[in-house]
Amino acid sequence: MAPPVAPATPPDDALDGDAERPRPRGLAADTGQLLIEGVRAFRGLFDVALRTVYWSLKGRREKGVVLEQAFEIGNKSVFFLTVTQGFIGMILVFQSGLQARRVVPDLTMLGATFLELLVRDLAATLASMMLATRVGAGIAAEIGSMVVTEQVDALRMCGVDPVDWLVVPRFLASVVMTGVLIFYAGAIAYFAGGATAWAVFDVQPQTYLNARLLDIGDVSIGLAKCVAYGAAIPIVSGWCGLSARGGSEGVGIATTQAVVFSSLAVIILNLVISGVGFVLFPV
Amino acid sequence: MPPRRVIELRGITKRFVDGPPVLRGVDLTVPRGCLYGLVGPGAAGKSVLLKLVVGLLRPDAGALLIEGEDITGLDELRLHRVRARIGMLFQNNALFDHMTVGENIAFPLRRAGVTDAAALAERVADRLRMVSLPGFEDRMPAGLSGGQKKRIGVARATALKADIVLYDEPAAGLDPVTSQKIFDTLRAEQREAGATVVMVSSDIERLLTITDRVGMLHRGRLIFDGTTAEALASRDPRVDQFVHGKTDGPL
Amino acid sequence: MSQASEREGLSAETGRAILDLAAEVGGVAMLAGRLLRRLAPPRLDGPELARNLHRMGVKSLPIVGVTALFTGGIMVIQAGVLIRRFGAEGLLGWGAGFATLREVGPILIALMFSGRVGANNTAELGTMTVTEQIAALETLAIDPLSYLILPRCIAMVVMLFMLTVYGDVLALAGSALMGQALLGVSVATFFNGFLETIRVWDLATGLIKSVLYGVIIALSSCHFGLTVTGGAPGVGRAVNTSVVASATGIFVTDYFSTYLLG
Ligand SMILES: Nc1ncnc2c1ncn2[C@@H]1O[C@H](COP(=O)(O)OP(=O)(O)OP(=O)(O)O)[C@@H](O)[C@H]1O
Ligand SMILES: [Mg+2]
């Protein structure tokens, strides 16, 4: 008896996947609209973040839920990280080796400089950009499809805050797993870079393995980034998923937004933390 | 003496961003112990109305009272207290895909504080018998037919023995025999418990065999509200056409 | 699904993963070949191309702009560590500009573009595939490749290239501003250092790479969108696979192009 939800062949303008129709409007109206939407979106994100923190401290969790999510995050991304970070390590050492040879002919500090850069920034940021893609999209897709199938409404009917039930386990798992995966990804990049340095520039491993430039500032900044990215990705993606509207198309849009916005969150946090770190820990 | 009006909508208006208003000033009262049938053509706003009643959506204007308490502006935490007294079947069933059928039905009970495993299992088995699906506890929702999912949804909605139950299409996708059986069972249980029920269904003929009162939504307005007998005898051509399923008429 | 893979050994699983990968790469190559044949002589829907150019490019401006500005700022901070150590302010323009133009700018903008435009494209084509709209085009004797796919691919390549130019400019602006604010290096010093050390070739390598990344994103997003199976959940999986494949492809390509372009 249930009527079909969508006609088999949507009308012609359905070929345009973007929800908004181009309507002739003034630039001022457009900008105003964008601003209002931006403010509303930001308030929504802030609300999800607050509730995530609140329920992380306050809520009770069934055993194994967080562990399951942690496994999911790791399982999804280990292979992807290995490939991308391996190539990044090789590219960076190759590129900076070429440049450094022009300025200073000796490459003994190549490994030490690279290690410092990895710890301060690159390991965390590049791995997190990848995790934003892989993990963020997954979170938004899962939560978004629960929204459009009314499962989230059903949770709310049973007195459950969807943020507590859906976002918090992923948040806790992500904070831990992002740290672990960043460490892993950093190691892959470091050793792939070492192999390149040896093969291309003839830098011996004992010269390359040099942690002399590493100091407490680098490590603190790196750890701060691990925690901040690990927290931001599930919150931003969970918010995208919870804002999904409409049918499967809505889930698609939420997924795309999760990738874009969590990558953007990583970039913005990177600037903030790097800037603060630069001021706090003068070289 | 508790208030006689269990659900009361006063001038409820709702519109979504970028769309025409879905509900335009709906007034509706459901008295205690009444089985209220809500009908109307597709996209009339029936599902939206049910979600407004439990605070899953918020009205743009108007007031909403549950047992005399104004819930229009309540925050989510206070709404939980109100919702704990209400059972709801969603049009898409909204079964949790990551839980078995048994866990789905037990979920509202657990959240209401029932922890005794034997009592939970007993209640789940009872609900499954009610919808003629005994022994389905360990199946996953993904492996069920459309009609079976619907029936599990009904079982979950009634798990709590709530005072107020809202059903969105309890018989959609069911064969005539099963759907009549579901209607009859829900009516019998509602009578026995003295519960207040709002039921949305497009199976008008069967629905009208069990309702006390009927309301018809059309283009966002409640164009009819009265007893079942009044509905069947209504002179309003739109109600007449809809209730008797005629193809020619104003709709 | 997980049960099946648990029972199989690791080697069987790896073997299958490699076969799957080969099949997907083969699929992408076939798609590329079929598209190339439609380029000479060009058989392509003009209005459709214009529409895609507009929505893929213009709507990405804000996101690419923010990414580029912030990236420029970050590069200055990272370079700032070295500048402080060697005490050469004039090197700031070189340190930030070189890395931004050659590597970081094109890569980050491509990743953002892949998330915004590539993923959207896969979702759209995937939805059209599972609702049989593509098959419907074929029954109307309209070639989906020239009508639907080629305009999108060309639009993606062109737009990523132009967005990279735009992003490069903004990233340098971000670097100059951040250098001023955080290191006290004046904008003039920054650009003097930049102009003295950066060669046109540095800019060109980055832009050549952006074209390659555009091709990768276009092909992979179209390929995974056209081969969706399994209804709406299949579309979700395809979007995810396409974004991951694009990112992987971008890094692999970056490695080899850095090696070849020097
Ligand atoms: N979350 C939402 N966002 C935007 N529009 C919505 C939303 N929910 C419902 N609508 C719109 O409100 C209108 C009424 O929807 P509703 O689901 O209440 O119809 P209905 O009477 O239940 O119809 P049916 O019998 O087909 O289930 C529809 O036009 C629908 O598009
Ligand atoms: Mg409905």
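Residues numbered from 1 in each chain as written. Chains lettered and ligands numbered in written order. Predicted model: local features only at pLDDT ≥ 70, side-chain atom pairs only at ≥ 80, totals over all residues. Heavy atoms only, no water.

**Quick word on the domain arrangement of chain C**
Residues and elements named next belong to chain C.
And step 1. Taken domain by domain, chain C holds domain 1 (1-37) and domain 2 (45-261).
And step 2. Here the C-alpha centre of domain 2 lies 26 Å away from the C-alpha centre of domain 1.
And step 3. Counting from both sides, the interface comprises seven residues of domain 1 and, opposite them, nine residues of domain 2.
And step 4. Both faces considered, domain 1 and domain 2 share a buried interface measuring about 740 Å² in area, 83% of it formed by carbon and sulfur atoms.
And step 5. It is V28, L31 and L35 in domain 1 that bury the most area against domain 2; as a group they hold 67% of the surface buried on that side.
And step 6. Summed over the shared surface of domain 1 and domain 2, the number is zero salt bridges.
And step 7. Between the two partners, domain 1 and domain 2, sit one residue pair in polar contact (both at pLDDT 80 or more). (Domains from an automatic or database assignment. Contact = heavy atoms within 4.5 Å. Buried area = accessible area lost by both parts, 1.4 Å probe. Salt bridge = Lys/Arg side-chain N within 4 Å of Asp/Glu carboxyl O. Polar contact = N/O pair within 3.5 Å; in protein donor to acceptor, adjacent residues only side chain to side chain.)

**Some details on the arrangement of the chains**
And step 1. A comparison of contact numbers over the two pairs of chains in contact places chains A and C at the top.
And step 2. In this structure chain B stays clear of chain C, and the shortest span between their C-alpha atoms is 12 Å.

**Points about the interface of chain A and chain C**
Many descriptions give the size of an interface as the accessible area lost when the pieces come together.
And step 1. On the chain C side, the residues contacting the 51 residues of chain A number 55 residues.
And step 2. Counting the surface lost from both chain A and chain C, the interface buries some 4,700 Å², and carbon and sulfur atoms represent 73% of this.
And step 3. The interface formed by chain A and chain C contains four residue pairs in polar contact (both at pLDDT 80 or more).
And step 4. For the side of chain A that touches chain C, the secondary structure elements donating two or more residues are α2 (65-103), α3 (110-148) and α8 (248-280) of chain A.
And step 5. By residue number, the principal contributor to the side of chain A that touches chain C is α8 of chain A, which donates 16 residues. (Helix = DSSP H or I, 4+ residues; strand = E, 2+ residues; numbered from the N terminus.)

**What about the packing of helix α7 (residues 216-242) of chain A against α8 of chain A?**
Residue and element names in this part refer to chain A.
And step 1. Their axes nearest at 9 Å, the elements α7 and α8 cross at an angle of 155°. Our classification of the angle between α7 and α8 gives roughly antiparallel. For α7 against α8, the interelement crossing comes out right-handed. Contact residues: α7 offers I221, A224, K225, A228, Y229, A232, I233, V236, S237, W239, C240 and G241, while α8 offers A254, Q257, A258, F261, S262, A265, V266, L269, N270, I273, S274 and G277.
And step 2. Class assignment for the residues of the contact of α7 with α8 results in 16 nonpolar, seven polar and one charged. (Axes fitted to C-alpha atoms, helices over the stretch in contact; angles between N-to-C directions. Parallel < 35°, antiparallel > 145°, perpendicular 65-115°, else oblique. Left-handed = near helix turned anticlockwise from the far one by under 90°. Nonpolar A, V, L, I, M, F, W, Y, C, P; charged D, E, K, R; others polar.)

**Concerning the site of ligand 1**
All names here are of chain B.
And step 1. Close to ligand 1 lie F16, V22, G42, A43, A44, G45, K46, S47, V48 and Q91, which account for all nearby residues.
And step 2. Note that an oxygen atom of ligand 1 is positioned 3.0 Å from one of the backbone N or O atoms of G45.
And step 3. Protein contacts shield 61% of the accessible area of ligand 1, which totals 630 Å² for the unbound molecule.
And step 4. With three residues, the single largest contributor to the shell around ligand 1 is helix α1 (residues 46-53). (Near = heavy atom within 4 Å. Areas by Shrake-Rupley, 256 points an atom, 1.4 Å probe, with all protein chains shown as cover.)

**Quick word on the interface of chain A and chain B**
And step 1. Taken together, the contacts link 17 residues of chain A with 25 residues of chain B.
And step 2. Contact between chain A and chain B buries roughly 1,900 Å² in total, counting both sides, with carbon and sulfur atoms accounting for 60%.
And step 3. Across the pair D153 of chain A and K51 of chain B runs a salt bridge whose closest N-O atoms are separated by 3.3 Å.
And step 4. The interface formed by chain A and chain B holds eight residue pairs in polar contact (both at pLDDT 80 or more) in total.
And step 5. Of all the secondary structure elements, the ones that give two or more residues to the side of chain A that touches chain B are α3 and α4 (151-157) of chain A.
And step 6. In terms of residue count, the dominant contributor to the side of chain A that touches chain B is α4 of chain A (six residues).
And step 7. Residues of the side of chain A that touches chain B, tallied by class, amount to nine nonpolar, three polar and five charged.

**Thoughts on the confidence of the model for chain C**
Residues and elements named next belong to chain C.
And step 1. With 96% of its residues at a pLDDT of 70 or more, chain C has an overall mean of 87.
And step 2. Note that residues 1-6 has pLDDT below 50 and, in this model, one contact with residues that lie over four places away or in other chains.
And step 3. Scored as a complex, the prediction yields pTM 0.87 and ipTM 0.91. (pLDDT = per-residue confidence, 0-100.)

**As for the coordination of the magnesium ion (ligand 2)**
Residues and elements named next belong to chain B.
And step 1. Those protein atoms acting as donors to the magnesium ion (ligand 2) are S47 (OG) and Q91 (OE1), and they sit at 1.9 to 2.1 Å. Pair noted here: S47 is in helix α1 and Q91 is in the loop between β6 (86-89) and α3 (101-111), with a separation of 44 residues, a long-range link.
And step 2. Exposure remark for Q91: the relative accessible area of 34% places this residue in the partly exposed category. (Donors = N, O, S within 2.8 Å, 3.2 Å for Na, K, Ca; no water. Buried < 20%, exposed > 50% of the residue type's maximum accessible area, 1.4 Å probe, protein only.)

**As for the sheet that holds strand β8 (residues 196-200) of chain B**
In a beta sheet, neighbouring strands are held together by backbone hydrogen bonds and run either parallel or antiparallel to one another.
Residue and element names in this part refer to chain B.
And step 1. Strand order in the open sheet formed by six strands is β6-β7-β8-β3-β9-β10, with mixed pairing between adjacent strands. Strands at the two margins of the open sheet, each flanked by one partner only, are β6 and β10 (221-227). Each neighbouring strand pair of the sheet contributes to a mean axis angle of 15°, computed without reference to strand direction.
And step 2. Here β6 runs beside strand β7 (residues 164-168); their pairing, made up of four bridges, is parallel. The residue bridging G87 from the neighbouring strand is V165, located in β7.
And step 3. With respect to the sheet, helix α6 (residues 176-193) is in contact with β3 (35-39), β7 and β8, its orientation differing from that of β8 by roughly 160°. (Pairing = 2+ DSSP bridges.)

**Side note on unusual backbone geometry**
Residues and elements named next belong to chain C.
And step 1. Positive phi, close to 65°, is recorded for E132, a residue that is not glycine.
And step 2. Note on E132: relative accessible area 57%, which makes it exposed.
And step 3. Although it is not a glycine, A141 adopts a positive phi angle of roughly 60°.
And step 4. Within the secondary structure, A141 sits in the loop between α6 (133-139) and α7 (144-183).

**What to know about the packing of α3 of chain A against α7 of chain A**
Axis angle and axis distance: for two packed helices, these are the angle between their axes and the distance between the axes, and together they describe the pair.
Residues and elements named next belong to chain A.
And step 1. One can describe the packing of α3 onto α7 by two numbers: an axis separation of 7 Å at closest approach and a directional angle of 15°. Relative to α7, the element α3 lies roughly parallel. Both α3 and α7 take part in a crossing whose hand is right-handed.
And step 2. Of the residues that constitute the contact of α3 with α7, the class distribution is 15 nonpolar, eight polar and five charged.

**Details of the sheet that holds strand β4 (residues 61-66) of chain B**
Residue and element names in this part refer to chain B.
And step 1. On the basis of which strands lie adjacent, the open sheet formed by four strands has the order β2-β1-β4-β5 and antiparallel pairing. Edge positions in the open sheet fall to β2 (21-31) and β5 (69-70), since each of these has one partner strand only.
And step 2. Direction of pairing for strand β1 (residues 5-15) relative to β2: antiparallel, over a ladder of seven bridges. Among the inter-strand pairings, R15 is bridged to a residue of β2, identified as P21.

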